[in-house]
Amino acid sequence: MSPGSQLQPAPVELEAFTAWAAEQGWADGLPMVPPTQQRVAAMVEASGYPPDAEIGAVPPRDGLATVEVLATNAVLAGCRPGELPVLIAAVAALLDPALNLQGLQCTTNPAAPLVIVNGPVRAELGITGGGDALAGGNRANLAIGRALQLVLRNVGGAVPPVDQSVLGSPAKRGLVLGEHEEQSPWPPLHRRRGLPDGSAVTVVAVESLVNVPAPYRDPDAILQMMALAMCNGLNLHYSSGVLLACFNPRHASILAAAGYSPDRVRAELFRRARVPVSAYPGGRNASQAEWTMGGDHVLMTDDVAKVEVMVAGASWPAHSMCFNGWAISGMASRPVAGGWPGGTARREGT
Amino acid sequence: MCQVDAGYVLVHNPTGVVRPVVQRPHEWPDPPAVALEHGLVIVDNLIPGMTELAASVQARWQAELGGPVRVVQVPHSRPTGAGLSAGLAGSGLALLGLGNCGACTTWLAELAADLVPRMPVAVLVTDRFAAVARARLRALGEPDLPVVTVPDAAPDTPPKRLAPVAGQVVAGCGTAWRLPGRPDGAGGPGPAAGGAA
C-alpha cells in the first residue's frame with residue numbers, strides 16, 4: 001500500500017456502501033463503487049505506475065495524492081482501470097502553481113477545472129470532443145471528471161465551509177473534453193503548448209461557458225462574436241484569467257481557410273476582448289486595482305499568452321463556445337503516461 | 001489479511017494522508033511579549049473594504065496603543081514583491097488582510113506562514129473565511145497562527161461606522177499577541193466581538 005492508503009471495513013452492498021461513504025465524508029451525492037483492494041489494485045496495475053508514486057499534495061488540506069489514493073477515488077467514481085493515467089495527469093497539471101489550486105478550491109466563484117484531452121488516449125478510452133461532448137451520455141468524460149472532483153474534495157478538502165462557492169456550478173461535477181483533432185485544421189493543443197506527440201491533458205479553471213452562435217462565413221465576424229463572449233465573467237474585474245476559445249470545426253475551418261493560424265487568432269482575440277471603462281458602473285470599484293488598461297478600455301486578460309484556442313463540438317451548425325477562465329489562474333499541460341489497454345510506462349510522479 | 005464481518009469488505013480510504021509539517025522556530029519569544037516600539041504594519045490587499053478598514057484600524061491602534069502604524073498596499077492577487085518586503089522591514093508586528101475570498105485568504109495564510117518565523121503575524125478575515133484561513137494554516141504547519149475576524153458585513157460598512165469594527169480588530173490582536181497592557185487581551189471586547197483564534 002502507498003503511504004496515503006488505509007484499509008477499513010465497509011458495507012459491500014452498493015446502496016449501503018454509498019450511505020456509509022457519505023457518513024465518512026467521501027461522497028458527492030451519487031452512488032459510489034466500493035474501492036476494494038482488488039479494484040484499486042487493478043486500477044493501479046493498468047496505469048503502469050507504482051502505487052506509492054507521489055503526484056503531490058492537494059491544497060488546501062494538503063492531502064497526499066499517491067497513485068493508489070487517486071486510484072481509490074477513480075474506483076469510487078466508476079472509472080475503468082485504463083482511465084487512471086488521465087486522472088493522474090490532470091491532478092499533476094492542477095498542481096502546477098499556475099493554476100492557483102488552493103484559491104480555486106476555496107473561491108466564492110463558480111469555478112472548476114476543465115480537462116482537455118489530446119492524443120490517442122481519446123480514442124482508446126472513448127473520450128469525446130464531438131457533438132454534445134459536455135453533456136451526459138459519455139462514460140469516460142463523466143467518470144474521469146467525477147473522479148477529479150472527488151480528489152479535490154476528498155484529498156484536497158474542498159467541501160463547505162472550506163469550499164466557499166456561492167452557488168457552485170454543474171462544472172464542479174466534472175468537466176472533461178477531448179479536442180476534436182480529427183476535424184481541426186490546426187495542430188493539436190498539446191503540441192502547440194510544447195508537449196511531444198502522444199496523449200496529454202491541459203487543465204484550465206473555468207467559471208463560465210458562453211455559447212457563441214455565429215452563423216457567418218466571414219472570419220472577422222466569427223472572431224468578433226467570440227471576443228464579445230470573452231467580455232463576460234470574472235475577467236471583467238481582474239483582466240488576468242485565461243480566455244479559451246473553443247471553435248467548432250466549421251468555424252475553425254473558416255478561420256484557417258482565411259489564413260488564421262492559432263497564434264493569429266489568439267492575437268486577434270486578445271486585441272478585441274476589451275470593454276470600455278464607460279461601460280462599468282461608477283462609484284467605488286476596488287477591482288480597478290487589478291485592471292489592465294488599453295487606452296480607455298479594460299483588457300479582458302493581461303497577456304496574449306492567456307488566450308488559447310482549441311477545436312471541439314459538432315461540425316454543424318455554427319456554434320462555438322467561450323470558456324472564460326477563473327481570473328486568478330492559468331493553464332497547465334501534462335503528458336498522459338500509459339494508456340488503455342495496459343500501459344506499461346512507469347513514471348515516478350509527474 | 002484482516003477478517004471482516006459478513007456483508008462487509010475492506011476498502012481503501014480516498015483521502016490521502018497529510019504529512020506532518022515541521023513548524024519552523026520563531027525568532028521572537030513565544031508567546032510574544034511584543035514591544036510596540038517597532039510598530040505595526042497593516043498589509044492592505046486592496047480587496048473591497050480593506051483600505052477603509054485599514055485606515056480605521058490604524059487610527060484606533062494609534063489612539064489606544066500608540067507606536068508607529070504603517071499601511072502597505074498590495075494587489076490582492078499578487079501579495080508579494082519588493083514593495084511588500086520594504087513595507088515589512090523593521091516592523092514588529094504584521095496584520096495581513098483582508099481575507100474575504102478564496103484566493104486572497106489562502107494567499108494571506110501562506111504569506112503569514114512565511115513571515116511568522118520572523119515576526120508575530122495575524123491574518124485578518126471575515127467570519128465567513130475563518131474556516132478557509134484555519135484550514136490552510138493547519139496544512140502549512142501553523143495551526144496556532146492567529147486569525148482575527150471581522151463581521152461579514154464589515155467590507156460594506158461605511159467608513160464613518162467602522163470604528164467599532166476597528167476596535168474589534170485591535171482587541172483581537174491584543175488577545176492574539178498579548179500586547180503590553182493587555183496581557184490576556186482583556187482590555188478589549190475579546191474574542192466574542194472580534195475573535196482571534
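Residues numbered from 1 in each chain as written. Chains lettered and ligands numbered in written order. Predicted model: local features only at pLDDT ≥ 70, side-chain atom pairs only at ≥ 80, totals over all residues. Heavy atoms only, no water.

### Remarks on the overall build of chain A
Scanning chain A for helices and strands turns up 12 helices and 13 strands. Here the C-alpha radius of gyration of chain A, 20 Å, is about what a compact globule of 350 residues would show, namely 20 Å. If one aligns the C-alpha atoms of chain A with their principal axes, the spans along those axes are about 60 × 45 × 35 Å. In chain A, the proportion of contacts linking residues at least 24 apart, taken out of those at least 6 apart, comes to 79%. (Helix = DSSP H or I, 4+ residues; strand = E, 2+ residues; numbered from the N terminus. Rg over C-alpha atoms; globule rule 2.2 N^0.38 Å. Contact = heavy atoms within 4.5 Å.)

### A few points about the overall build of chain B
Each helix and strand in chain B was counted, giving 6 helices and 6 strands. When the elements of chain B are put in sequence order from the N terminus, they spell out β-β-α-β-α-β-α-β-α-β-α-α. Summed over all atoms, the accessible surface of chain B reaches about 8300 Å², with 55% contributed by carbon and sulfur. (Areas by Shrake-Rupley, 256 points an atom, 1.4 Å probe, with all protein chains shown as cover.)

### A short note on unusual backbone geometry
With an omega dihedral of 0 degrees, the bond running from tryptophan 316 of chain A to proline 317 of chain A counts as a cis peptide bond. Relative to the elements of secondary structure, proline 317 of chain A occurs in the loop between β11 (307–311) and β12 (319–325). Cis peptide bonds are those with omega within 30 degrees of zero, and the linkage from glycine 97 of chain B to leucine 98 of chain B qualifies with 10 degrees. Residue position: leucine 98 of chain B is located in strand β4 (residues 93–99). Positive phi outside glycine occurs at aspartate 62 of chain A, with the angle close to 65 degrees. Owing to a relative accessible area of 17%, aspartate 62 of chain A belongs among the buried residues under this scheme. Unusually for a residue other than glycine, asparagine 100 of chain A sits at a positive phi of about 55 degrees. For asparagine 100 of chain A, the position within the fold is in the loop between α4 (84–94) and α5 (101–106). (Buried < 20%, exposed > 50% of the residue type's maximum accessible area, 1.4 Å probe, protein only.)

### Side note on the sheet that holds strand β3 (residues 69–73) of chain B
Sheet strands line up and pair through hydrogen bonds in the backbone, either parallel or antiparallel. Residues and elements named next belong to chain B. Strand order in this open sheet of 5 strands is β3-β2-β4-β5-β6, and the pairing throughout is parallel. Two strands bound the open sheet, and with one partner strand each, they are β3 and β6 (147–150). Put simply, the sheet's adjacent strands are angled 25 degrees from each other on average, direction ignored. In this structure, β4 lies alongside strand β5 (residues 121–126), joined through 5 bridges in parallel fashion. Across the sheet, leucine 96 pairs through a bridge with valine 123, a residue of β5. (Pairing = 2+ DSSP bridges. Axes fitted to C-alpha atoms, helices over the stretch in contact; angles between N-to-C directions.)

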